[in-house]
Amino acid sequence: MSIEFTAFARTTEGRGASRRMRRAGKAPGIVYGGAAAPEPIELDHNALFHALRNEAFHASILTMKLNGSSTQVLLRSVQMHPFKNEILHVDFQRVDENRKIHMKVPLHFVNAETSPAVKISGAIVSHVVTELDIVCLPKDLPEYVEVDLSALDVGHSVHVSALKLPPGVVVPSRGKLDPVVAAAVVPKAIVEEVAEAAPEGEEAAAAAAAAPGAAPAAPGAEGKPAADAKGGAAKTEAGKDDKKKESGRDKK
């Protein structure tokens, strides 16, 4: 994919000049690298803001039109306002087609829904990393690297060494490390449901086995406490009446 954008030479520098530029709808930037000296530039803020929403703009060789000529560049960094949708500064690097470049490209995960982990076990595929460091010549730079998850099963993961890289693209080695790219994880709720189902089943089986041999409760056994309570209340009332009668006799 060929992506072009237009930049303009910037003659003023400094914080004050940058603020005035932003108020005028421009975004300050710089282009560096190659044999030429670094050059301050400015770009249309809205056009650049929408371009940055395109994933390919971050991982492609871009054609920058500046001062009537075209230059191949890479987007290197973007500084955004902490809470506004405003670009504070942007950096581009000139590209030498004969020198290898170090880039981060996005990962595209495919076929997760057909993997045994998802289709059979109901697992969730966790994307451990979403970008990959690569080294290649500018002509070999891919927009993204595809990660095929069709063979992923529960308890397994996909490592960087298992990725199919485009021709001319390599991943910088970091000793013996082989980072994990994606892994299959069974949701905790499903694990807890399975763990709880077994004890409940055992309790139900034990209750069913004990029920036929259980001795029936003696008739009236449950009612005794209530009856005793009523009898005690009656005796108390009778005692009160006797005391009243005795006190009446004494008075006489």
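Residues numbered from 1 in each chain as written. Predicted model: local features only at pLDDT ≥ 70, side-chain atom pairs only at ≥ 80, totals over all residues. Heavy atoms only, no water.

Asker: Looking at this structure, I do not really get the nonpolar core. What am I missing?
Answerer: Side chains of a nonpolar character, in soluble globular proteins, are inclined to be buried together. Counting residues in hydrophobic clusters, the biggest one holds 26 residues, and the most contacted among them are Leu132, Ile134 and Leu141. If you list the elements that add at least two residues to this core, you get β8 (101-110), β10 (131-136), β11 (145-148) and β13 (180-185). (Core = buried A, V, L, I, M, F, W, Y, C linked by side-chain atoms within 4.5 Å. Buried < 20%, exposed > 50% of the residue type's maximum accessible area, 1.4 Å probe, protein only. Helix = DSSP H or I, 4+ residues; strand = E, 2+ residues; numbered from the N terminus.)

Asker: Is there a simple way to think about the packing of aromatic side chains in this case?
Answerer: Note on aromatic pairs: each is described by the distance of the centres and the angle between the planes. Counted by the stated rule, this structure contains two aromatic pairs. Taken together, a centroid distance of 6.0 Å and an interplanar angle of 65 degrees make the contact between Phe5 and Phe57 edge-to-face. Of this pair, Phe5 sits in strand β1 (residues 3-6) while Phe57 is found in helix α3 (residues 55-58), placing the two residues 52 residues apart along the sequence. Between Phe5 and Phe92, the ring centres sit 4.8 Å apart and the planes meet at 25 degrees, which makes this aromatic pair stacked. In this pair, Phe5 is assigned in strand β1 and Phe92 in strand β7 (residues 87-94), connecting sequence segments 87 residues apart. Residue Phe5 shares its accessibility class with Phe92, and that shared class is buried. Among the aromatic residues, those joined into a cluster by ring pairs are Phe5, Phe57 and Phe92. (Phe/Tyr/Trp six-rings, centres within 6.5 Å; stacked < 30°, edge-to-face > 60°.)

Asker: How should I be thinking about the sheet that holds strand β3 (residues 26-32) in this particular structure?
Answerer: Strands in a sheet are paired, the pairing made by backbone hydrogen bonds, and the direction either parallel or antiparallel. Pairing is mixed across the open sheet formed by seven strands, whose spatial order is β1-β5-β6-β7-β3-β4-β2. Every interior strand has two partners, whereas the edge strands, β1 and β2 (8-9), have only one. Pairing analysis gives six bridges linking β3 to strand β4 (residues 39-44), with the strands arranged antiparallel. The residue of β4 that forms the bridge with Val31 is Glu39. The sheet contacts of helix α1 (residues 15-23) involve β3, β4 and β7, and relative to β3 the element is tilted by about 125 degrees. (Pairing = 2+ DSSP bridges. Contact = heavy atoms within 4.5 Å. Axes fitted to C-alpha atoms, helices over the stretch in contact; angles between N-to-C directions.)

Asker: What should I look at first to understand a positive patch on the surface in this one?
Answerer: Taken together, the side chains of Arg15, Arg19, Arg20 and Arg23 present a region of like positive charge at the surface. Within the secondary structure, Arg15 sits in helix α1. Taking relative accessible area as the criterion, Arg15 reaches 72% and is therefore assigned exposed. (Patch = residues over 30% accessible without salt bridge, like charges linked within 9 Å, V, L, I, M, F, W, Y side chains within 5 Å. Areas by Shrake-Rupley, 256 points an atom, 1.4 Å probe, with all protein chains shown as cover. Salt bridge = Lys/Arg side-chain N within 4 Å of Asp/Glu carboxyl O. Lys, Arg positive; Asp, Glu negative; His and termini not counted. Charge placed at Lys NZ, Arg CZ, Asp CG, Glu CD.)

Asker: Got a minute to help me understand the confidence of the model for the protein in this structure?
Answerer: Residues shown with low pLDDT carry predicted positions that ought not to be read at fine detail. Averaged over the protein, the pLDDT score is 82; the fraction of residues at 70 or greater is 74%. In this model residues 214-230 is a low-confidence stretch, pLDDT under 50, and it forms zero contacts with partners more than four residues away in sequence or in other chains. (pLDDT = per-residue confidence, 0-100.)

Asker: What is the right way to read helix α2 (residues 45-52) from this model?
Answerer: It helps to recall that an α-helix has 3.6 residues per turn; residues three or four apart then point in one direction. For α2, the full list of buried residues reads His45, Leu48 and Leu52. Buried positions in α2, seen along its axis, are confined to an arc of 70 degrees and lie on one side of it. Counted as exposed and oriented over 90 degrees from the buried face of α2: Asn46 and His50. As for α2, its buried residues are in contact with β3, β4, α3, β6 (69-80) and β7. If you check the start of α2, you find a side-chain oxygen 3.4 Å away from the backbone N of Asn46, and it comes from Asp44. (Arc of directions from axis to C-beta. Polar contact = N/O pair within 3.5 Å; in protein donor to acceptor, adjacent residues only side chain to side chain.)

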